[in-house]
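Observations on chain architecture
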Amino acid sequence: MKKTTLFLAIILIAFRSFGQQFEEPKLSVTDFEKVKLHVGADFALQYQAIDHHASTAKLIELGSNFNLPTANLNLNAMLAPGIKVNLETYLSARHHNEAWVKGGYLLIDNLPFLKAADPIMKYLTIKAGVFQPNVGDQIFRRSDNGNVINNPFVGNYVMDDFTTNTGIEVYFRKNGLLILGGVNSGNLKPALGGTEGSGTSKEYVGYDLVDELAINWKLSYDKQVTEDLRLRASLSGYHVGDTHSTTIHSGDRTGSRYYLVMNTQNDGTTEFDVTKNHMSGNFYPGSGTKDNTLVANIFAKYKWFEIFGTYEQAKGERTNFTTFAKTEYDFAQLAIEGIARFGKQDQWFVGARYNVVTDDKAVATSRIDQAKNLKVDRTQLAAGWFMTKNVVTKIEYVNQNYSNFATYGEDAGFKGVMVEAAISF
């Protein structure tokens with residue numbers, strides 16, 4: 001009887017229903033016994049069969065084959081009641097094939113050395129270290145190199161906000177309400193100084209540390225209205241007044257899932273190197289020196305069907321550190337997706353997503369033309385199967401179009417099929 005009960009419990013765990021997780025839940029204080037280390041990993045592999053086209057540009061020929069397998073190594077240690085440390089390492093990524101540290105942070109949900117703080121720590125969480133700033137709920141549904149378990153699709157957003165900055169965030173949570181405030185370095189490689197001018201006229205310039213810091217915040221409300229209906233709405237922001245290189249929109253060093261798409265023929269070498277133009281297929285401001293971003297999200301799940309939506313506006317300024325010319329950007333992003341989950345404990349799913357990004361103040365770069373009203377739209381159709389809670393397979397059809405890009409011409413884009421298999425534990 002005991003063996004039968006244990007077997008049934010394992011089956012239920014293996015096929016448990018999918019429940020969207022946003023911020024990490026508060027750590028249990030009573031469950032702590034001693035310092036424990038948990039080792040986890042993520043592995044993902046895709047088969048890509050995509051064609052691309054452009055009416056005025058000569059694009060490389062794309063074949064159909066397996067992409068570079070990607071992997072993450074995750075170390076988590078419970079240090080004390082309500083205190084955890086996390087270290088994340090990319091073992092293999094598109095942009096960096098070798099192993100390198102993504103980041104790490106300390107998560108504090110309790111102060112065991114300060115009992116007087118118990119009443120307030122019941123609602124507070126402190127996160128400090130190197131991590132992705134909590135801006136927008138879409139960051140909890142994106143693929144992160146080998147970790148794709150929370151993404152119903154293969155690709156992320158067209159403007160895929162991601163960076164790992166040094167900073168601190170403080171969360172207040174009570175009865176579904178979340179209030180968050182944070183401050184961080186503003187970029188991947190913070191620096192306290194720089195140079196001004198060019199050639200022999202370069203002069204050292206000291207940047208004020210306070211001016212370089214970025215501020216992020218979030219307000220959200222998450223409510224299980226009935227047994228069948230869950231609703232969540234959030235508004236978040238990211239603001240930096242003056243920094244050397246703001247990377248909130250361009251800090252994903254792992255790269256896009258759509259390898260080599262829209263690469264033009266040049267010297268016969270770099271256009272076939274997956275580490276070059278590693279964000280192929282994405283459209284984003286790049287690294288700015290000033291940025292103000294607002295993101296609104298809505299999530300609703302009724303029984304087996306869920307809707308997730310994002311509206312984002314990113315306004316900022318780029319500075320050319322050779323000529324010191326300043327140019328503005330004004331990006332807007334809209335994304336809406338619907339997911340139906342069915343079968344034993346939601347182990348099967350199908351979904352559709354529409355995502356469009358526009359820039360009303362486009363500036364010429366190696367990948368962006370001097371024009372107004374640049375637009376990229378992407379449609380994704382996906383289906384997947386959770387073999388267990390740790391193993392997922394997906395298939396996606398993607399169709400992306402470019403509008404008003406002089407480099408590509410009037411008719412440009414890519415479309416095709418992606419198949420992905422992944423393991424996370």
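An account of the accompanying structure is given in this report.

With respect to the overall build of the protein
- Along the protein, the regular secondary structure elements total 3 helices and 19 strands.
- Across the 425 residues of the protein, 48% fall into the buried class.
- Counted over contacts in the protein with a minimum sequence separation of 6, partners at least 24 positions apart contribute 66%.
- For the protein, the accessible area works out to roughly 20100 Å², and carbon and sulfur atoms hold 62% of it.

A few points about the packing of aromatic side chains
- This model, assessed by the stated rule, comprises 17 aromatic pairs.
- When the ring of Phe-22 is compared with that of Phe-299, the centres are 5.6 Å apart and the planes differ by 75°; the resulting orientation is edge-to-face. On the criterion of sequence distance, the pair formed by Phe-22 in the loop between α1 (2–14) and β1 (36–54) and Phe-299 in strand β13 (residues 290–302) is long-range, its members being 277 residues apart.
- Plain terms: the ring middles of Phe-283 and Phe-405 are 5.4 Å apart, the flat faces sit at 70° to each other, and that makes the pair edge-to-face. On the criterion of sequence distance, the pair formed by Phe-283 in the loop between β12 (229–240) and β13 and Phe-405 in the loop between β18 (391–403) and β19 (412–424) is long-range, its members being 122 residues apart. We note that Phe-283, like Phe-405, is buried.
- Grouping aromatic residues by their ring pairs yields a cluster made of Phe-283, Tyr-329, Phe-331, Tyr-402, Phe-405 and Tyr-408.
- The side chain of Lys-127 reaches across the aromatic face of Tyr-105, ending 4.4 Å from its centre.
- In this structure, Arg-232 packs its charged tip against the face of Phe-22, placed 4.1 Å from the ring centre.

Side note on the nonpolar core
- Core analysis: the largest hydrophobic core is formed by 28 residues, its most contacted members being Ile-50, Met-262, Phe-283, Tyr-402, Tyr-408 and Phe-414.
- Broken down by secondary-structure element, the contributors of at least two residues to this core are β1, β15 (326–342), β17 (374–388), β18 and β19.
- Among the elements that take part in this core, β19 stands out by supplying 3 residues, more than any other.

A closer look at a nonpolar patch on the surface
- Where nonpolar side chains cluster on the molecular surface, the patch consists of Leu-45, Tyr-47, Phe-66, Leu-381, Ile-395, Tyr-397, Val-417 and Val-419 and spans about 660 Å² of accessible area.
- The set of elements that each furnish at least two residues to the nonpolar patch consists of β1, β18 and β19.
- By secondary structure assignment, the location of Ile-395 is in strand β18.

Points about the environment of Met-279
- With respect to the helices, strands and loops of the structure, Met-279 is situated in the loop between β12 and β13.
- Taking the C-alpha atoms as reference, Met-279 lies 9.6 Å from Arg-94; in sequence the two are 185 residues apart.
- Apart from the residues within four sequence positions on either side, Met-279 is in contact with Asp-252, Gly-255, Ser-256 and Tyr-284.

Quick look at the environment of Glu-328
- Structurally, Glu-328 can be placed in strand β15.
- What makes Glu-328 partly exposed here is its relative accessible area of 44%.

Structural notes on the pattern of salt bridges
- Tallying each qualifying case throughout the model produces 21 salt bridges.
- Linking Lys-102 and Asp-144 is a salt bridge whose minimum nitrogen-to-oxygen distance equals 2.5 Å. Of the two residues, Lys-102 sits in strand β5 (residues 100–108) while Asp-144 sits in the loop between β6 (124–131) and β7 (165–174), which places them 42 residues apart along the sequence. For the pair shown, Lys-102 and Asp-144 are each scored as buried.
- The partner of Glu-337 in a salt bridge is Arg-141, with the nearest N and O atoms 2.6 Å apart. Of the two residues, Glu-337 sits in strand β15 while Arg-141 sits in the loop between β6 and β7, which places them 196 residues apart along the sequence. Each member of the pair, Glu-337 as well as Arg-141, carries the same accessibility label: buried.

Conventions we followed
- Residues numbered from 1 in each chain as written.
- Predicted model: local features only at pLDDT ≥ 70, side-chain atom pairs only at ≥ 80, totals over all residues.
- Heavy atoms only, no water.
- Helix = DSSP H or I, 4+ residues; strand = E, 2+ residues; numbered from the N terminus.
- Buried < 20%, exposed > 50% of the residue type's maximum accessible area, 1.4 Å probe, protein only.
- Contact = heavy atoms within 4.5 Å.
- Areas by Shrake-Rupley, 256 points an atom, 1.4 Å probe, with all protein chains shown as cover.
- Phe/Tyr/Trp six-rings, centres within 6.5 Å; stacked < 30°, edge-to-face > 60°.
- Lys NZ or Arg CZ within 6 Å of the ring centre and 35° of its normal.
- Core = buried A, V, L, I, M, F, W, Y, C linked by side-chain atoms within 4.5 Å.
- Patch = residues over 30% accessible without salt bridge, like charges linked within 9 Å, V, L, I, M, F, W, Y side chains within 5 Å.
- Salt bridge = Lys/Arg side-chain N within 4 Å of Asp/Glu carboxyl O.

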